[in-house]
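Inside the fold
The chain contents come next:
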Amino acid sequence: MSPLLEIFASSVVTLGSPFLDIALLVLSVASIIFAYLTVTYKSLVYSSIFLAFVGLVNAAFFMILGYPLIAFVQLIIYVGSGVLFIIISISMLKEPKLTFRPNIYSWVIMLFIFVLIVVIGISVGIAPSELTYLGIFPAVDYLVKYWFSILLLVLALSMALIVSIAVSRGERE
Amino acid sequence: MIIIGLFLIIITAAVLIGVGVWGIVYNKNLVKMLLSLEVSFNGITLLVLYIASTTGVLGIIKLGAYIVFLGIALAIGEISIIVSVILYMFKEKMLNEISQDEVGSEE
């Protein structure tokens with residue numbers, strides 16, 4: 001066996017559950033497709049929405065890798081505020097004709113997401129004892145551990161908010 | 001038997017970074033370039049967390065989370081400032097059309 005193949009073989013670590021392996025494959029494919037659509041889609045609003053989906057899939061990856069806090073931060077701050085800010089800003093400039101027309105594709109996508117969530121939920125199988133880290137005390141612990149990051153985050157977001165308001169208003173004098 | 005490993009995450013991260021870089025080069029639209037940059041950023045965070053989590057060293061695992069945490073915070077600041085600047089340029093007629101491919105160039 002060549003050294004390169006050995007490195008590849010040692011890197012292949014299965015997650016134990018075939019459901020989770022399949023979910024990982026589906027997430028990877030979805031992430032790549034959404035990234036491609038983000039870059040190539042004509043409409044900026046839809047492109048931003050696809051970026052939000054990339055962020056969502058990434059959050060799922062972070063969860064699988066064992067970083068629940070980073071997954072929550074990705075969901076709440078990155079997708080919830082950052083990408084939403086882009087979408088709202090762009091849609092304020094030129095109102096897109098967003099009409100809800102449910103067709104067969106929307107139903108297929110909805111069914112796909114539902115099956116994906118069910119597969120991940122079954123395969124992860126969180127035991128009740130593991131739910132305790134969602135409580136308030138570990139959150140305080142995270143605040144103590146990552147105080148400098150949180151301080152920088154607050155400062156960066158405050159500064160960005162002030163600059164955004166100032167630039168968007170565009171007032172002189 | 002289906003054997004799909006965590007190695008898939010490296011491939012996904014590499015593809016995300018590649019697609020993002022390709023988008024930066026391919027697009028002429030300022031907003032599209034920003035979105036492509038964000039795609040690359042997502043790939044990089046995924047790669048950093050994967051490397052950190054597979055080392056098995058507790059310090060590096062925490063360091064990976066720390067770096068990504070900071071990265072997300074700074075990315076949000078960057079997004080808000082760049083989008084605001086683009087909006088300002090559009091309002092001041094420095095840009096012709098924000099939803100077309102010719103955003104970055106004046107005709």
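This text goes with the structure placed above it.
This section reports on the structure supplied with the text. Source: prediction; values computed, not measured.

1. Section: the environment of A:Tyr146
Tracing the backbone through its elements, the reader meets A:Tyr146 in the loop between helix H6 (136-145) and helix H7 (147-169). Its relative accessible area of 10% is what places A:Tyr146 among the buried residues. The residues touching A:Tyr146, leaving out its near neighbours within four places in the chain, are A:Leu69, B:Lys62, B:Ala65 and B:Tyr66.

2. Focus: the packing of helix H2 (residues 30-55) of chain B against helix H3 (residues 58-91) of chain B
At a closest axis distance of 9 Å, the pairing of H2(B) and H3(B) adopts a crossing angle of 175°. When the interaxial angle is binned, H2(B) and H3(B) end up roughly antiparallel.

3. A word on the side chain of A:Gln74
For A:Gln74, the location among the structural elements is in helix H4 (residues 68-93). Taking relative accessible area as the criterion, A:Gln74 reaches 0% and is therefore assigned buried. Here the side chain of A:Gln74 touches B:Asn42 through a polar contact of 3.0 Å, side chain to side chain. Beyond its immediate chain neighbours, meaning those up to four positions away, A:Gln74 contacts A:Gly55, A:Asn58, A:Ala59, A:Phe62, A:Val79, B:Asn42 and B:Ile72.

4. Brief notes about the nonpolar core
Ranked by internal contacts, the top residues of the largest apolar core, which has 53 residues, are A:Ile70, A:Tyr78 and B:Ile72. For this core, the secondary structure elements donating two or more residues are helix H2 (18-40), helix H3 (44-65) and H4 of chain A together with helix H1 (7-26), H2 and H3 of chain B. Counting residues per element, this core draws most heavily on H3(B), which supplies eleven residues. Once you skip the residues sitting within four places of it in the chain, B:Ile72 turns out to touch A:Ile70, A:Val73, A:Gln74, A:Ile77, A:Tyr78 and B:Phe41.

5. Overview of the interface of chain B and chain A
Taken together, the contacts link 59 residues of chain B with 63 residues of chain A. Taking both partners together, chain B and chain A bury about 5,500 Å²; carbon and sulfur atoms supply 76% of that area. The interface formed by chain B and chain A includes zero salt bridges. At the junction of chain B with chain A, the criterion picks out eight residue pairs in polar contact (both at pLDDT 80 or more). Per-element tally for the side of chain B that touches chain A: the top contributor is H3(B), with 23 residues.

6. Thoughts on the packing of aromatic side chains
Residue and element names in this part refer to chain A. Inspection of every chain in the model, using the stated rule, returns seven aromatic pairs over all chains. Arranged with centres 5.3 Å apart and planes meeting at 70°, the rings of Tyr-41 and Phe-50 form a pair that is edge-to-face. In this structure Tyr-41 comes out as partly exposed when scored by relative accessible area, which is 33%. On the basis of relative accessible area, Phe-50 is assigned to the buried category, the value being 14%. These aromatic residues form a ring-pair network of at least three members: Phe-34, Tyr-41, Tyr-46, Phe-50 and Phe-53.

Thresholds applied
Residues numbered from 1 in each chain as written. Chains lettered and ligands numbered in written order. Predicted model: local features only at pLDDT ≥ 70, side-chain atom pairs only at ≥ 80, totals over all residues. Heavy atoms only, no water. Helix = DSSP H or I, 4+ residues; strand = E, 2+ residues; numbered from the N terminus. Buried < 20%, exposed > 50% of the residue type's maximum accessible area, 1.4 Å probe, protein only. Contact = heavy atoms within 4.5 Å. Axes fitted to C-alpha atoms, helices over the stretch in contact; angles between N-to-C directions. Parallel < 35°, antiparallel > 145°, perpendicular 65-115°, else oblique. Polar contact = N/O pair within 3.5 Å; in protein donor to acceptor, adjacent residues only side chain to side chain. Core = buried A, V, L, I, M, F, W, Y, C linked by side-chain atoms within 4.5 Å. Buried area = accessible area lost by both parts, 1.4 Å probe. Salt bridge = Lys/Arg side-chain N within 4 Å of Asp/Glu carboxyl O. Phe/Tyr/Trp six-rings, centres within 6.5 Å; stacked < 30°, edge-to-face > 60°.

In short, shape yes, function no, at least from these values alone.
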